[in-house]
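Working through the structure, step by step
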Amino acid sequence: MSVHSMQASDTIIALATPSGIGAIGVIRLSGPDAISLVNEVFHGKDLSVQHSHTIHFGTIRDGRHVLDEVLVSVFIGPKSYTRENVVEISTHGSPYIIESIIKLLIRKGARAANPGEFTLRAFLNGQLDLSQAEAVADLIASNSQASHQVAMQQMRGGFSSELQHLRDQLIHFASMIELELDFGEEDVEFANRDDLKALIYQINRILNKLIASFEQGNVMKNGVPVVIAGKPNVGKSTLLNALLNEERAIVSEIAGTTRDTVEDEMVIGGLRFRFIDTAGIRETEDIIEAKGVERTHEKIKQAKLIIYLIDPAQDIAEIKEQITYLGSLGIPFLTVMNKKDLVTSEFENQLSVISYHPITSGLSESSTERSSEDSGNRQETTDKRIIYISAKNKTGIEELKSEILRKVNLHAINTDDVLISNIRHLEALQKTQESLNRVLENIDNPVTSDFLAMDIKQALYYLGEITGQVTTDDLLETIFSKFCIGK
Ligand code: GDP
């Protein structure tokens, strides 16, 4: 079905809470007949005469058969999530009751909602722009302070208003240039070229900032992929467990929390870290020996951080060689000495030479460059340092966690900066920039104004794709089909 052509003349219904047994279940309806349909089966008060934003107790009956005692919330459009009439029925959380009530209301004329259809209607009715609607899905999926923050900021209009403002200014120039075209041969210039250039430089600065924010936004939303590399038996699994155990202890305190999440993900300092699958970790056992092996190489390249785990049984020359290899990858890495309970002072002394060895200083610089890009402060000493831990005795783990956070530059987690986290937005911003750069190229060339107008329009198109002034059915379909039913 074409989403654009969909008339919101029908009333949709869906369970808004998770399926299965719960304390309560919330059934939601939206559309012109939401209130009247529920009124037909609700016994208590006449819902059609109630004020908006009110809650009413009563029973839902199928004929004379009482299905449940419920609370009904009434929202009269446009003051509702979808801007249509919305009713939410809070029932006892029995899948049987919920199914019966939904079936009853469908029999009365409601239609089962498609995934994301409530939010789609909110978008089509102008309640949210497209990037805000997408943020609703991100917010529901958020599982850490960082991902919550990015989604919340975007939902509350984060960069929408900024883009809207830029778009308005560009529209002004586009219309001025079109006006020039209307005058044809007369060689008039309504759009001041210098002003246009200045505007494009200004827009480009903002675009650059937004485009550059993707890396952090993406990591905050999707988590940081981490590889623990090291030879067999250095303690990779023990370390992973030590890191996870604390997390698990916290999680299990929350009653009813299911622990079926992926075992090798954890939140450190509000940020989700994804330890690249255990198979991957096992593969990295040989990664250093098998430098040239493409597959392991690829695995490691996905990482935003490498923890290179060593132990005192290892040969120092080998450690140096491996640090050289890892440093050449250009991915931030931490060298971590496990089993510090077994480390002799002699070994430690020999190893400390590594920290100031000419080979490693080169690597450290390449990795500090990465982090200094964002933080602006060089961390050469920490980069060259080896962190001592005992995974088995759980010592040094807190320090390791802070080092991990420092490496991924997370003092910025509480940033008020606008961050983009969506690949679709990134691509649209890049295309906007390409079009604007073409405008800049043509502005000083003796080309006709049509080219300028065309490229400005392209830029407007791509900007509009982000906030949804420009959409296609396919785009909406792709975005909203990823939502859950009932949202
Ligand atoms: P992996 O092969 O790298 O995953 O290594 P494991 O995590 O399986 O650990 C290998 C062995 O090292 C196990 O017997 C661990 O108990 C032991 N081990 C891990 N951490 C420490 C530590 O901090 N000190 C000591 N002494 N042994 C450790």
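One structure accompanies this document, and this report is about it.

Definitions and limits used
- Residues numbered from 1 in each chain as written.
- Predicted model: local features only at pLDDT ≥ 70, side-chain atom pairs only at ≥ 80, totals over all residues.
- Heavy atoms only, no water.
- Salt bridge = Lys/Arg side-chain N within 4 Å of Asp/Glu carboxyl O.
- Helix = DSSP H or I, 4+ residues; strand = E, 2+ residues; numbered from the N terminus.
- Buried < 20%, exposed > 50% of the residue type's maximum accessible area, 1.4 Å probe, protein only.
- Phe/Tyr/Trp six-rings, centres within 6.5 Å; stacked < 30°, edge-to-face > 60°.
- Lys NZ or Arg CZ within 6 Å of the ring centre and 35° of its normal.
- Lys, Arg positive; Asp, Glu negative; His and termini not counted.
- Polar contact = N/O pair within 3.5 Å; in protein donor to acceptor, adjacent residues only side chain to side chain.
- Contact = heavy atoms within 4.5 Å.
- Axes fitted to C-alpha atoms, helices over the stretch in contact; angles between N-to-C directions.
- Parallel < 35°, antiparallel > 145°, perpendicular 65-115°, else oblique.
- Left-handed = near helix turned anticlockwise from the far one by under 90°.
- Near = heavy atom within 4 Å.
- Areas by Shrake-Rupley, 256 points an atom, 1.4 Å probe, with all protein chains shown as cover.
- Nonpolar A, V, L, I, M, F, W, Y, C, P; charged D, E, K, R; others polar.
- Pairing = 2+ DSSP bridges.

Comments concerning the pattern of salt bridges
- Counted according to the given criterion, the structure contains 21 salt bridges.
- Glu117 is paired through a salt bridge with Arg111; the nearest N and O atoms lie 2.6 Å apart.
- Note that Lys457 is salt-bridged to Glu178, the shortest N-O span being 2.9 Å. Here the residue Lys457 occupies a position in helix H17 (residues 449-467), and Glu178 occupies one in helix H6 (residues 160-182), the gap between them amounting to 279 residues.
- Judged by its relative accessible area of 44%, Lys457 is partly exposed.
- The partly exposed category is assigned to Glu178, whose relative accessible area is 31%.
- Several salt bridges share partner residues, and in doing so they unite Asp10, Glu84, Arg111, Glu117 and Arg121 into one network.

Examining the packing of aromatic side chains
- For the structure on display, the rule yields 3 aromatic pairs.
- Ring centres of Tyr461 and Tyr462 lie 5.4 Å apart, and the angle between their planes is 80°; on these two criteria the pair is classed as edge-to-face.
- Using a relative accessible area of 32% as the deciding quantity, one classes Tyr461 as partly exposed.
- Consider the rings of Phe480 and Phe483, whose centres lie 5.3 Å apart with planes at 25°: the pair is stacked. Each member of the pair, Phe480 as well as Phe483, carries the same accessibility label: buried.
- Pairwise contacts between aromatic rings join Phe123, Phe480 and Phe483 into one cluster.
- Geometry around Tyr81 places Lys487 over its ring, the cationic atom sitting 4.5 Å from the centre.

Things to note about the side chain of Asp129
- Among the secondary structure elements, Asp129 is positioned in the loop between helix H3 (117-124) and helix H4 (130-141).
- Put simply, Asp129 is tucked away with no salt bridge, and the nearest opposite charge, on Arg424, sits 7.6 Å away.
- Within the structure, Asp129 has its side chain in polar contact with the backbone nitrogen of Ser131 (distance 3.0 Å).
- At a separation of 2.6 Å, a polar atom in the side chain of Asp129 contacts the side chain of Ser160.
- Other than its neighbours up to four places away in sequence, Asp129 contacts Phe123, Ser160 and Thr467.

What to know about the packing of H6 against helix H7 (residues 193-222)
- Two elements in contact, H6 and H7, have axes whose closest approach is 11 Å; the angle formed by their N-to-C orientations is 150°. In this view, H6 runs roughly antiparallel relative to H7, as classed from their interaxial angle. The element H6 and its partner H7 pack so that their crossing is left-handed. In this structure, H6 uses Glu162, Leu163, Leu166, Gln169, Leu170, Phe173, Ile177 and Glu180 to contact H7, whose residues at the interface are Arg193, Asp195, Leu196, Leu199, Gln202, Ile203, Ile206, Lys209 and Leu210.

Focus: the side chain of Arg28
- Mapping Arg28 onto the fold places it in strand E2 (residues 24-30).
- For Arg28, the side chain forms a polar contact with the main-chain oxygen of Gly486, separated by 2.9 Å.

A short note on the site of the ligand
- The ligand sits among 15 residues. The nearest are Asn233, Lys236, Ser237, Thr238 and Ser390.
- Gly235 places a polar main-chain atom, nitrogen or oxygen, 3.0 Å from an oxygen atom of the ligand.
- For the ligand, the protein covers 74% of the area, taking 580 Å² as the surface of the free molecule.
- Broken down by class, the residue content of the shell around the ligand amounts to 4 nonpolar, 6 polar and 5 charged.

Brief notes about the sheet that holds strand E13 (residues 386-388)
- In space, the 6 strands of this open sheet follow the order E9-E10-E8-E11-E12-E13, with mixed pairing throughout. The open sheet has two edge strands, strand E9 (265-268) and E13, and neither has a second partner. The sheet shows a mean angle of 30° between the axes of neighbouring strands, taken without regard to direction.
- Of the strand pairs in this sheet, E9 and strand E10 (residues 271-275) are connected by 4 bridges, and their pairing is antiparallel. Counted as the bridge partner of Met266 is Phe273 from E10.
- Packing against the sheet, helix H15 (residues 397-407) makes contact with E9, E10, strand E11 (305-310), strand E12 (333-337) and E13, and its axis sits at approximately 165° to E12.

Details of the pairing of E11
- Counting buried residues along E11, 6 of its 6 residues qualify, which places the element largely inside the surrounding structure.
- By the alternation rule, side chains of E11 split into Leu305, Ile307 and Leu309 and Ile306, Tyr308 and Ile310, which are all buried.
- Sheet topology note: the E11/E12 ladder contains 5 bridges and is parallel. Counted as the bridge partner of Ile307 is Leu334 from E12.

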